[in-house]
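Listed below are the residues making up each chain.
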Amino acid sequence: MSACYFIGLDIHKKMIAYCIKTIDGRLVDQGMVSADRVSLSAWAQRLPGPWIGAMEATIFTGWVYDFLAPHALALKVAHPEMLKAITAAKKKNDQADAEKIADLLRVDLLPECAMLPQEIRELRRILRYRNHLVRTAVNMHNKMSGLLMEVGAGYSKNRLRGKKYFHELLHRLDEIPPSVKELLILSRAGIEMFQTFQKRLIQALRTNPLIQERVTRLITIAGVGEVTALTWVLEIGPVSRFGSIRQAISYCGLCSAQRESAGKQQRGPISKKRNKHLQSILVEAAKLAPRWNPQLADIHQRELNRGNRNRATLAVARRLVAYMMAVDKGETNFVFREEQKAA
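All figures in this text were calculated on a predicted structure; none of them were measured in a lab. (Residues numbered from 1 in each chain as written. Predicted model: local features only at pLDDT ≥ 70, side-chain atom pairs only at ≥ 80, totals over all residues. Heavy atoms only, no water.)

Asks: Honestly, the overall build of the protein chain in this entry has me stumped. Any pointers?
Replies: Tallying secondary structure elements over the protein chain gives 14 helices and seven strands in all. The C-alpha atoms of the protein chain give a radius of gyration of 26 Å, which is well past the 20 Å a tight globule of 343 residues would have. Dimensions of the protein chain along its principal axes, counting C-alpha atoms only, are 80 × 60 × 45 Å. Taking all 343 residues of the protein chain together, 41% fall into the buried category. For the protein chain, restricting intrachain contacts to residue pairs at least 6 apart in sequence, the fraction spanning at least 24 positions comes to 57%. (Helix = DSSP H or I, 4+ residues; strand = E, 2+ residues; numbered from the N terminus. Rg over C-alpha atoms; globule rule 2.2 N^0.38 Å. Buried < 20%, exposed > 50% of the residue type's maximum accessible area, 1.4 Å probe, protein only. Contact = heavy atoms within 4.5 Å.)

Asks: Help me understand the side chain of Arg-188, please; the structure alone is not making it clear to me.
Replies: Relative to the helices and strands, Arg-188 is located in helix H7 (residues 178-206). Residue Arg-188 is classed as buried on the basis of its relative accessible area of 8%. Excluding residues that lie within four positions of it along the chain, Arg-188 makes contacts with Met-144, Leu-160, Arg-161, Gly-162, Lys-163 and Phe-166.

Asks: Any chance you could explain the pattern of salt bridges here in plain terms?
Replies: Where charged atoms from two side chains of opposite charge approach closely, those side chains can pair. The final tally for this structure, using the stated rule, is 13 salt bridges. Of the charged contacts in the structure, one is a salt bridge between Arg-106 and Asp-103, with a shortest N-O distance of 3.0 Å. Residue Arg-106 and its partner Asp-103 are located together in helix H4 (residues 94-106), separated by three residues, close to a single helical turn. Taking relative accessible area as the criterion, Arg-106 reaches 22% and is therefore assigned partly exposed. For the salt bridge of Glu-284 with Lys-287, the shortest nitrogen-to-oxygen distance reads 3.6 Å. In this pair, Glu-284 and Lys-287 are both assigned in helix H11 (residues 276-288), three residues apart and thus about one turn of the helix distant. Looking at Glu-284, the relative accessible area reads 45%, which means it is partly exposed. The exposure class of Lys-287 is partly exposed, given its relative accessible area of 47%. Shared partners join several salt bridges into a network, and the residues in it are Lys-21, Glu-99, Asp-103 and Arg-106. (Salt bridge = Lys/Arg side-chain N within 4 Å of Asp/Glu carboxyl O.)

Asks: Would you explain the packing of helix H12 (residues 294-304) against helix H13 (residues 309-330) in this entry?
Replies: Packed helix pairs are specified by the crossing angle of their axes together with the interaxial distance, meaning the distance between the axes. At their nearest, the axes of H12 and H13 sit 8 Å apart, and the two run at 150° to each other. Relative to H13, H12 is oriented roughly antiparallel. Judged by the sense of rotation from one axis to the other, the crossing of H12 with H13 is right-handed. Residues Gln-295, Leu-296, Ile-299, His-300, Glu-303 and Leu-304 of H12 pack against Arg-309, Arg-311, Ala-312, Thr-313, Ala-315, Val-316, Arg-319, Leu-320 and Tyr-323 of H13. Counted by class, the contact of H12 with H13 contains eight nonpolar, three polar and four charged residues. (Axes fitted to C-alpha atoms, helices over the stretch in contact; angles between N-to-C directions. Parallel < 35°, antiparallel > 145°, perpendicular 65-115°, else oblique. Left-handed = near helix turned anticlockwise from the far one by under 90°. Nonpolar A, V, L, I, M, F, W, Y, C, P; charged D, E, K, R; others polar.)

Asks: Looking at this model, I keep getting lost on unusual backbone geometry. Mind explaining?
Replies: The phi angle of most residues is negative, glycine excepted, and most peptide bonds adopt the trans form. The phi dihedral of Asp-108 is positive, around 60°, even though this residue is not glycine. Looking at the element boundaries, Asp-108 is found in the loop between H4 and helix H5 (118-150). Owing to a relative accessible area of 60%, Asp-108 belongs among the exposed residues under this scheme. A positive phi angle, close to 55°, is found at Glu-331, a residue other than glycine. One can find Glu-331 in the loop between H13 and helix H14 (337-342).

Asks: Just checking my understanding: could you explain the nonpolar core for this structure?
Replies: Across soluble globular proteins, you tend to see nonpolar side chains buried next to one another. Ranked by size, the top nonpolar core spans 41 residues in total, and within it Ile-211, Trp-232, Leu-234, Leu-254, Val-321 and Met-324 carry the most contacts. Elements supplying a minimum of two residues to this core: H5, H7, helix H8 (212-218), helix H9 (226-236), helix H10 (245-251), H11, H12 and H13. Counting residues per element, this core draws most heavily on H13, which supplies ten residues. If we skip the residues at most four places from it in the chain, Ile-211 touches Ile-120, Leu-123, Leu-205, Leu-230, Val-233 and Leu-234. Formed by 22 residues, the second largest nonpolar core is a distinct cluster that contains Tyr-5, Ile-11, Leu-47 and Val-64. (Core = buried A, V, L, I, M, F, W, Y, C linked by side-chain atoms within 4.5 Å.)

Asks: What's the story with the packing of aromatic side chains in this structure? I'm lost.
Replies: Think of a pair of aromatic rings as described by two things: how far the centres are apart, and how the planes are tilted against each other in angle. Per the counting criterion, the structure on display carries four aromatic pairs. Look at Tyr-18 and Trp-43: their rings are 5.3 Å apart centre to centre, the planes differ by 55°, and that puts the pair in the tilted class. Of the two residues, Tyr-18 sits in strand S2 (residues 15-21) while Trp-43 sits in helix H1 (residues 37-45), which places them 25 residues apart along the sequence. Their ring planes at 50° and their centres at 4.8 Å tell us that Tyr-323 and Phe-334 sit as a pair that is tilted. (Phe/Tyr/Trp six-rings, centres within 6.5 Å; stacked < 30°, edge-to-face > 60°.)

Asks: Please explain H4 as it appears in this structure.
Replies: One full turn of an α-helix is made of 3.6 residues, so residues set three or four places apart face in the same direction. Given a rise of 1.5 Å per residue, 13 residues ought to cover 18 Å, and the 19 Å separating the end C-alpha atoms of H4 matches this to within 8%. The set of residues buried in H4 consists of Ala-96, Asp-97, Ala-98, Ile-101, Ala-102, Leu-104 and Leu-105. A distance of 3.2 Å separates the backbone nitrogen of Gln-95 from a side-chain oxygen at the start of H4, and that oxygen is part of Asn-93. Phi for Asp-108, located one or two positions after H4, is positive at around 60°. (Expected span 1.5 Å × (residues − 1). Polar contact = N/O pair within 3.5 Å; in protein donor to acceptor, adjacent residues only side chain to side chain.)

Written out as structure tokens, the structure reads:
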């Protein structure tokens, strides 16, 4: 039986450093390969035998993982925050990084992170791009307000998003320079274009058969809209990866970092080690959900009576996570507990 080799990969935009070792730590080969499919295919064909690989999670990891997975016995992705052996090393270069990843892999100490299926990652890319369009549209709207304030034009902030009001405003403000009018028209056209595109993207995601059933169940929770449900499904992936609600809350960044030493515990601010896309969506949803969900409204009011609005929002967001975990794992529509008892 041929030996199994362990390969560490340090991925960059143009080059990939690799290190090949045996189970006992003997160095077989190391070097650099171009980060393109032709070069990677030729490199994979030259490998000495069956192999297990590992790489750090970066923006370039997805396509490399999908391309090399059929060639490997197993392919793992390391959590970048947990690879302290690389970030804290005195000697740091691409080949040394690849060697450290290979060593962690062969002794089974590699801190893995979840690699979602390729189909889910494709849909997640679309959703994140949609969120980028929304942020860009908001920036354009703020720029319109800034242009009007620069020339001292009076306007209604709440009505500026309306198409009819915008055209009435342009005809009414004759004293503003023509250049400002042109910039306002250009900004308005950009906002309308971004809004049209983001609606098309949401429609395509909502009707995708891969996730449609999960999204439909999640929006039965009062206070959970389509964007929140889509973000949950595409950022979480298979909900079975979380063994408890606490783990999901931690992943969403809705709890503080814990530090314990000599029997003393300290709690800091909200941890930065989280899925920032989920965190921002859940926090925004938690601000609106109490309007539609009586249970969440009670939680918000109870925490608000203690005098901290931010903690009230976080409490609602955590309860939303618990609701979505229950619906997703149970594969049933959401039903209030009181209604379940009555039935």
